[in-house]
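Working through the structure, step by step
The residues making up each chain are set out below.
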Amino acid sequence: DLGGGGMRAPVQRLTDFVNGKVSESESIPSSSYRLGVTSAACHDIYPQPLYHALVHAITHNFDKQMPGFLCDQALLHGVETRTSSPVRVLRDSTTLQASGVDNMFPSGEGAGFAGGIVSAAVDGLLVANAIKTKYVAHDDSPLFNDVDKVSIGFDY
């Protein structure tokens, strides 16, 4: 248990992750995770090829596209960071179904259609309405009448 038990999350400063060293406990920035955090060797979680690919992506992609991402205040929680998806699953702008895949409705942050929890929730409502439109008899009161934007997250 890398977090030390008690549902504490294992954490590591991003700069230390990239350098392959455990963060000193007193150097850990504050975290919004309420159950507490413990400094841990998150870089040891992954097989070496994956670790090196992550380091390359962080140093050559993320930090170039989002300057300041790689800093001492960036904190990895286990294997999760606070950032938006760098990919987008393509979807039809009318049906909101994945392009070329019937009955698959990508939505939210993981699919690249939101930039946080609130926008992911709103996108989920848009997709729920699209599913309702496809599978439920139409009525006079759709959830969103005048929605003309199918993505409320970032445009990459």
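As the structure is a prediction and not an experimental result, all values here were calculated from the model.

Conventions we followed
Residues numbered from 1 in each chain as written. Predicted model: local features only at pLDDT ≥ 70, side-chain atom pairs only at ≥ 80, totals over all residues. Heavy atoms only, no water. Core = buried A, V, L, I, M, F, W, Y, C linked by side-chain atoms within 4.5 Å. Buried < 20%, exposed > 50% of the residue type's maximum accessible area, 1.4 Å probe, protein only. Helix = DSSP H or I, 4+ residues; strand = E, 2+ residues; numbered from the N terminus. Phe/Tyr/Trp six-rings, centres within 6.5 Å; stacked < 30°, edge-to-face > 60°. Expected span 1.5 Å × (residues − 1). Arc of directions from axis to C-beta. Pairing = 2+ DSSP bridges. Axes fitted to C-alpha atoms, helices over the stretch in contact; angles between N-to-C directions. Polar contact = N/O pair within 3.5 Å; in protein donor to acceptor, adjacent residues only side chain to side chain. Contact = heavy atoms within 4.5 Å. pLDDT = per-residue confidence, 0-100.

**As for the nonpolar core**
- Judged by nonpolar contacts, Leu14, Phe17, Val18, Cys42, Tyr46, Tyr51, Val55, Ile58, Phe62, Phe69, Ala74 and Leu76 together constitute the single largest core of 12 residues.
- Top contributing element to this core by residue count: helix H2 (residues 48-65), with four residues.

**Here's the deal with unusual backbone geometry**
- The phi dihedral of leucine 96 is positive, around 65°, even though this residue is not glycine.
- Mapping leucine 96 onto the fold places it in the loop between strand S3 (75-77) and helix H3 (117-135).
- Backbone geometry places asparagine 103, a non-glycine residue, at a positive phi of 70°.
- The residue asparagine 103 is located in the loop between S3 and H3 in this model.

**A closer look at the packing of aromatic side chains**
- Applying the stated criterion across every chain yields a total of three aromatic pairs.
- Consider the rings of phenylalanine 17 and tyrosine 46, whose centres lie 6.2 Å apart with planes at 85°: the pair is edge-to-face. You can see phenylalanine 17 sitting in helix H1 (residues 14-19) and its partner tyrosine 46 sitting in the loop between strand S2 (37-39) and H2, a full 29 residues away along the chain.
- On the accessibility criterion, phenylalanine 17 (3% relative accessible area) is buried.
- Owing to a relative accessible area of 18%, tyrosine 46 belongs among the buried residues under this scheme.
- Centre to centre, the rings of phenylalanine 62 and phenylalanine 69 are 5.0 Å apart; their planes meet at 20°, and the pair counts as stacked.
- Taken together, the ring pairs in this structure connect Phe17, Tyr46 and Tyr51 into an aromatic cluster.

**Topic: H3**
- With 19 residues, H3 ought to run about 27 Å at 1.5 Å a step, and its terminal C-alpha atoms sit 26 Å apart, in line with that.
- Three or more residues of H3 are buried, namely Ser119, Asp123, Leu126, Val127, Asn129 and Ala130. Seen along its axis, H3 keeps its buried residues to an arc of 150°; they face one direction. For H3, exposure combined with an orientation more than 90 degrees from the buried face picks out Ile117 and Val118.

**Observations concerning the sheet that holds S3**
- Strand order in the open sheet made by the three strands is S2-S1-S3, with mixed pairing throughout. Strands at the two margins of the open sheet, each flanked by one partner only, are S2 and S3. Adjacent strand axes in the sheet meet at a mean angle of 40°, parallel and antiparallel pairs treated alike.

**As for the side chain of threonine 15**
- Relative to the elements of secondary structure, threonine 15 occurs in helix H1.
- At 2.8 Å, the side chain of threonine 15 and the side chain of aspartate 72 are in polar contact.
- Other than its neighbours up to four places away in sequence, threonine 15 contacts Leu70, Cys71 and Asp72.

**Describing the confidence of the model for the protein chain**
- For the protein chain, the mean per-residue pLDDT works out to 81, and 82% of the residues sit at or above 70.
- Within the protein chain, H1 carries the highest mean pLDDT (95), whereas H3 carries the lowest (87).

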